[in-house]
Amino acid sequence: MREIETDYLVVGAGASGMAFTDTLIAQSDADVVLVDRRHRPGGHWLDAYPFVRLHQPSANYGVASRPLGRDCIDDFGPNAGFYERAGAAEICDHFGRALDEVLLPSGRVRFLGRTDYRGEDGGRHHLVSLVTGAETTVRVRKKIVDATYVESSIPSRHRPDFEVGAGVTMIPPNDLVDLDRPLSDVTIIGAGKTAMDTCTWLLDAGVDPERIRWIRPRDSWMFERTYMQPLDLVARYMQMQAHWIEVAAEAEDGRDFAHRLEERGVFVRIDPTVEADLFRGATISLGELESLRSIRRVVRKGKVRGLDPDRVWLDGGEEPAAPDELFIDCTAAGVRAVESRPLFEAGRITLEYVTVGFVPWSAATVAAVEAVRPDADEKNKLCPPVVFSGSIADVLRLAYAATSGLVARTRESDLTAWNAGCRLNPNRGAEKHLDDTRVADAFASMMTNTGRALRNLKQRSAGAAAPLHAGS
Ligand SMILES: Cc1cc2nc3c(=O)[nH]c(=O)nc-3n(C[C@H](O)[C@H](O)[C@H](O)COP(=O)(O)OP(=O)(O)OC[C@H]3O[C@@H](n4cnc5c(N)ncnc54)[C@H](O)[C@@H]3O)c2cc1C
């Protein structure tokens, strides 16, 4: 059995593990062993459906040390007027190049692909090659880093939790592009962004909305894409932050928080007549919303419990199925269920969100804190976990963790300097736009309201049980 030694053993080479490792080696002289069951870095993007795109601009995604895309504003198509958003191939290429051109050439990172982490005993961590079966033991001088904790559950690798009867045709969205016959009746199952992307793709391909039935057990709150723009459009991101803080200072509960943000145009939902209770930090444009609203056959009878050739069984009843009905399974959880836990523990880092929905910025922030602060308690104060439970009811708790962490880090001049230069930070460079009254007003509003917001969020989220990450 081979034995190796390193400072940090990072398990998972998705966006979390890659962004963490990239910043850690830039900010320290650490040695890292990075392992993943998959053969290359990129995580779930390696198996994503072919029409997937980032929710957010490429400008703030990937590793900090190299760009993703060209920071262009699209001038045509559904993303016109917004910063470009990469698809899966471009994201995987970015992570592959980051490994080959930054991490490995540093001489301080070793990557073991197709390698499974099997746990620890007596201070030795066990790895098994999924190609040869060979075992490797790792002695970790500093920390094991769990970069699998918020790992994504995606359609192509997920099994639905309902019965699919013989003769029923159900596919993941990945297979839609390979169908060998024209579509007739199609049913989308799922309430999350994957289901929305799938509906949008079908509509863009010219499928009549009347042929699409959408089983949507819950409705979702989302950010309107205008407010998630960086760089030259950062005024909008600053306005979003200012609205978020204003609302946080006054909201009585999660639902109230969402409605107040909706009044300001920051939060949107597909059907304003239906109370939404899902929130995972997804972003959508008004154009996509308009297109999705053309689908009128929405079934709200709870979750699917079973599919038969002529019938759909749901929590709240049943629905007929056409003889040729094609079902598309979009029920993968996205973010799997986990308990919130401290990020920094003795000999261990658990990568969780420390920002509202930006995975790479979160992981890079954790690495920057790890590189410059020795004390675990102090690091945990700087990085409280921001837990997406999936429920809007928990958004005050999420907002409290995100805001208190941001305020704590802003008080530290070295971390502020790092953050100001980090390309993953969506408000990078905002202070250079102070001649824009929207930016100046947003800064002034946040200065006025942040203290009130923190007090209100703390009081209203105190005592609630720690949430779990939840699925679709
Ligand atoms: C469709 C979609 C769009 C999204 N868009 C955005 C966006 O625009 N912005 C954003 O910030 N987030 C977005 N997200 C959230 C997304 O989850 C993150 O961006 C990110 O890709 C998650 O990365 P991760 O490394 O945490 O998890 P994953 O990508 O799931 O990677 C985890 C890795 O750990 C490996 N692994 C697990 N267990 C082991 C083990 N025992 N041994 C070895 N390896 C192991 C897995 O093989 C996997 O490669 C999106 C998610 C989805 C599904």
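Conventions we followed
- Residues numbered from 1 in each chain as written.
- Predicted model: local features only at pLDDT ≥ 70, side-chain atom pairs only at ≥ 80, totals over all residues.
- Heavy atoms only, no water.
- Helix = DSSP H or I, 4+ residues; strand = E, 2+ residues; numbered from the N terminus.
- Contact = heavy atoms within 4.5 Å.
- Phe/Tyr/Trp six-rings, centres within 6.5 Å; stacked < 30°, edge-to-face > 60°.
- Lys NZ or Arg CZ within 6 Å of the ring centre and 35° of its normal.
- Pairing = 2+ DSSP bridges.
- Axes fitted to C-alpha atoms, helices over the stretch in contact; angles between N-to-C directions.
- Right-handed = clockwise from strand over helix to strand, strands pointing away.
- Core = buried A, V, L, I, M, F, W, Y, C linked by side-chain atoms within 4.5 Å.
- Buried < 20%, exposed > 50% of the residue type's maximum accessible area, 1.4 Å probe, protein only.
- Salt bridge = Lys/Arg side-chain N within 4 Å of Asp/Glu carboxyl O.
- Arc of directions from axis to C-beta.

Focus on the side chain of histidine 243
Item 1. Counting through the fold element by element, histidine 243 comes out in helix 4 (residues 234-250).
Item 2. Setting aside chain neighbours within four positions, we find histidine 243 in contact with Tyr227, Leu261, Arg264 and Val266.

Re the packing of aromatic side chains
Item 1. Tallying each qualifying case throughout the model produces 15 aromatic pairs.
Item 2. Taken together, the aromatic side chains of Trp221, Phe223, Trp244, Phe257, Phe267, Phe279, Tyr353 and Phe388 make up a single cluster linked through ring pairs.
Item 3. Over the ring of tryptophan 214 we find arginine 216, and its NZ or CZ is 4.4 Å from the ring centre.

Quick word on the sheet that holds strand 19 (residues 326-329)
Item 1. Strands sit in the order 9-19-10-11-15 across an open sheet of five strands; the sheet is parallel. Every other strand in the sheet has two partners, leaving strand 9 (169-171) and strand 15 (297-299) as the edge strands with one partner each. Adjacent strand axes in the sheet meet at a mean angle of 25 degrees, parallel and antiparallel pairs treated alike.
Item 2. Both strand 9 and strand 19 contribute to a ladder of three bridges, which runs parallel. Directly across from threonine 169, in strand 19, lies its bridge partner leucine 326.

A few points about the pairing of strand 3 (residues 109-112)
One face of the sheet, then the other: side chains in a regular strand alternate in exactly this way.
Item 1. Two elements, strand 2 (residues 32-35) and strand 3, share four bridges in a ladder whose sense is parallel. Each residue of the ladder has a partner; that of valine 35, found in strand 3, is leucine 112.
Item 2. In this fold, the crossover linking strand 2 to strand 3 by way of helix 2 (residues 88-103) has right-handed handedness.

Focus on the nonpolar core
If you look at soluble globular proteins, the nonpolar side chains tend to sit buried side by side.
Item 1. Among the nonpolar cores identified, the biggest contains 118 residues, and Phe20, Ile188, Trp244, Phe257 and Phe267 are the most heavily contacted of them.
Item 2. Counting residues per element, this core draws most heavily on helix 4, at eleven residues.
Item 3. Contact partners of tryptophan 244, with chain neighbours within four places excluded, come to Phe223, Phe257, Leu261, Phe267, Val356, Val395, Leu398, Ala399 and Thr403.
Item 4. Counting eleven residues, the second largest nonpolar core, distinct from the first, contains Ile215, Val304, Leu307 and Ala321.

A few points about the pattern of salt bridges
Item 1. Tallied over the full model, the rule gives 40 salt bridges.
Item 2. A salt bridge links arginine 40 to aspartate 100; the shortest N-O distance between them is 3.0 Å. Taken together, the residues span a long stretch of sequence, with arginine 40 in the loop between strand 2 and helix 2 and aspartate 100 in helix 2 at a distance of 60 residues.
Item 3. Across the pair aspartate 219 and arginine 300 runs a salt bridge, and its minimum N-O distance is 3.1 Å. Linking aspartate 219 in the loop between strand 11 (212-215) and strand 12 (220-224) with arginine 300 in the loop between strand 15 and strand 16 (304-308), this pair joins segments that are 81 residues apart in sequence.
Item 4. On the accessibility criterion, aspartate 219 (4% relative accessible area) is buried.
Item 5. Judged by relative accessible area, which is 35%, arginine 300 ranks as partly exposed.
Item 6. The structure contains a network of salt bridges with shared partners spanning Glu5, Asp7, Arg139 and Arg141.

Topic: helix 10 (residues 413-421)
Item 1. Where helix 10 is concerned, the buried positions are Leu415, Trp418 and Asn419. Along the axis of helix 10, the buried residues cluster in a sector spanning 95 degrees; they form a single face. Those residues of helix 10 that are exposed and angled more than 90 degrees off the buried face are Ser413, Ala417 and Gly421.
Item 2. For helix 10, the elements touching its buried residues are helix 1 (15-27), helix 7 (359-372), helix 8 (376-382) and helix 9 (395-410).

Some details on the sheet that holds strand 12
Item 1. If you walk across this open sheet you meet the four strands as 13-12-14-23, and the pairing is mixed. A single partner strand is all that each edge strand has here, and the edge strands are strand 13 (267-268) and strand 23 (390-391).
Item 2. Relative to strand 14 (residues 278-284), strand 12 runs parallel, the two being bridged by four bridges. Its bridge partner being in strand 14, phenylalanine 223 is matched across the sheet by threonine 283.

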